[in-house]
Amino acid sequence: MKNITRDNLTETVKSSFANIDGERQRHLVNRLVHHLHAFASETGLSHEEWRDGMDFLHRMAMCGVNSTAQA
C-alpha cells in the first residue's frame, strides 16, 4: 500500500477512481474529491466530523434512491 500522507491524500484518492467508465463521470468524481478535501482542510474537520459528513451524504443519496424506486 502507498504511504499516504496529508500532502498526497487528495491525489491518492483521485487516482483510485481513475478506472471509472466515462470521461464525464471521472471528471465529476475528480472534482467532487477535490472540493470535499479542500473543504475538510479549510475547516479543519476532525476524523469524526468527516465520517459524520460522509454518513450524511450517504443517507441523502439513499433518500433519493428510495424515493425514485417508490415513484
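In what follows, the structure referred to is the one given above.
Computed from a prediction, not measured in an experiment: that's the story for all the values here.

Draft legend 1. Geometry of the overall build of the chain. When its secondary structure is counted, the chain shows three helices and zero strands. Listed by position from the N terminus, the elements making up the chain come as α-α-α. Its C-alpha atoms give the chain a radius of gyration of 15 Å, more than 25% over the compact-globule value 11 Å for 71 residues. Summarising its shape, the C-alpha atoms of the chain cover approximately 45 × 30 × 25 Å along the three principal directions. Counting across all 71 residues of the chain, residues that qualify as buried make up 8%.

Draft legend 2. Quick peek at the layout of surface pockets. Considered as a void within the structure, the largest pocket measures approximately 550 Å³ in volume. Taken together, 15 residues line the largest pocket, and the ones lying closest to its centre are Arg 6, Leu 9, His 37, Ala 40 and Ser 41. Within the residue set of the lining of the largest pocket, elements represented by two or more residues are α1 (9–16), α2 (23–43) and α3 (47–70). The leading source of residues in the lining of the largest pocket is α2, at four residues. In terms of residue class, the lining of the largest pocket is built from five nonpolar, six polar and four charged.

Draft legend 3. Focus on the pattern of salt bridges. Under the defined criterion, the tally for this structure stands at two salt bridges. Taking the shortest distance from any N to any O, the salt bridge between Glu 11 and Lys 14 comes out at 3.5 Å. One end of the pair is Glu 11 and the other is Lys 14, both in helix α1 and three residues apart, which spans about a single turn. Overall, the relative accessible area of 12% leaves Lys 14 in the buried class. Linking Asp 55 and Arg 59 is a salt bridge whose minimum nitrogen-to-oxygen distance equals 3.3 Å. Separated by four residues within a single helix, Asp 55 and Arg 59 lie in helix α3, roughly one turn from each other. A relative accessible area of 39% means that Asp 55 is categorised as partly exposed. On the accessibility criterion, Arg 59 (42% relative accessible area) is partly exposed.

Draft legend 4. Structural detail: α2. Compared with the 30 Å implied by 1.5 Å per residue over 21 residues, the 30 Å span of α2 between its first and last C-alpha is a close match. Taken residue by residue, α2 has Val 33, His 37 and Ala 40 as its buried positions. Angular distribution of buried residues about the axis of α2 spans 60°; they occupy a single face of the element. Residues of α2 that are exposed and point more than 90 degrees away from the buried face comprise Glu 23, Arg 24, Leu 32 and Glu 42. Downstream of α2 by one or two residues, Gly 44 has phi in the positive range, about 65°.

Thresholds, definitions, all that
Residues numbered from 1 in each chain as written. Predicted model: local features only at pLDDT ≥ 70, side-chain atom pairs only at ≥ 80, totals over all residues. Heavy atoms only, no water. Helix = DSSP H or I, 4+ residues; strand = E, 2+ residues; numbered from the N terminus. Rg over C-alpha atoms; globule rule 2.2 N^0.38 Å. Buried < 20%, exposed > 50% of the residue type's maximum accessible area, 1.4 Å probe, protein only. 1 Å grid on protein atoms, 1.4 Å probe; cavity = no way out; pocket = protein on both sides within 12 Å on 5 of 7 lines; lining within 4 Å. Points joined across faces, edges and corners; volume = space filled by probe spheres on them. Nonpolar A, V, L, I, M, F, W, Y, C, P; charged D, E, K, R; others polar. Salt bridge = Lys/Arg side-chain N within 4 Å of Asp/Glu carboxyl O. Expected span 1.5 Å × (residues − 1). Arc of directions from axis to C-beta.

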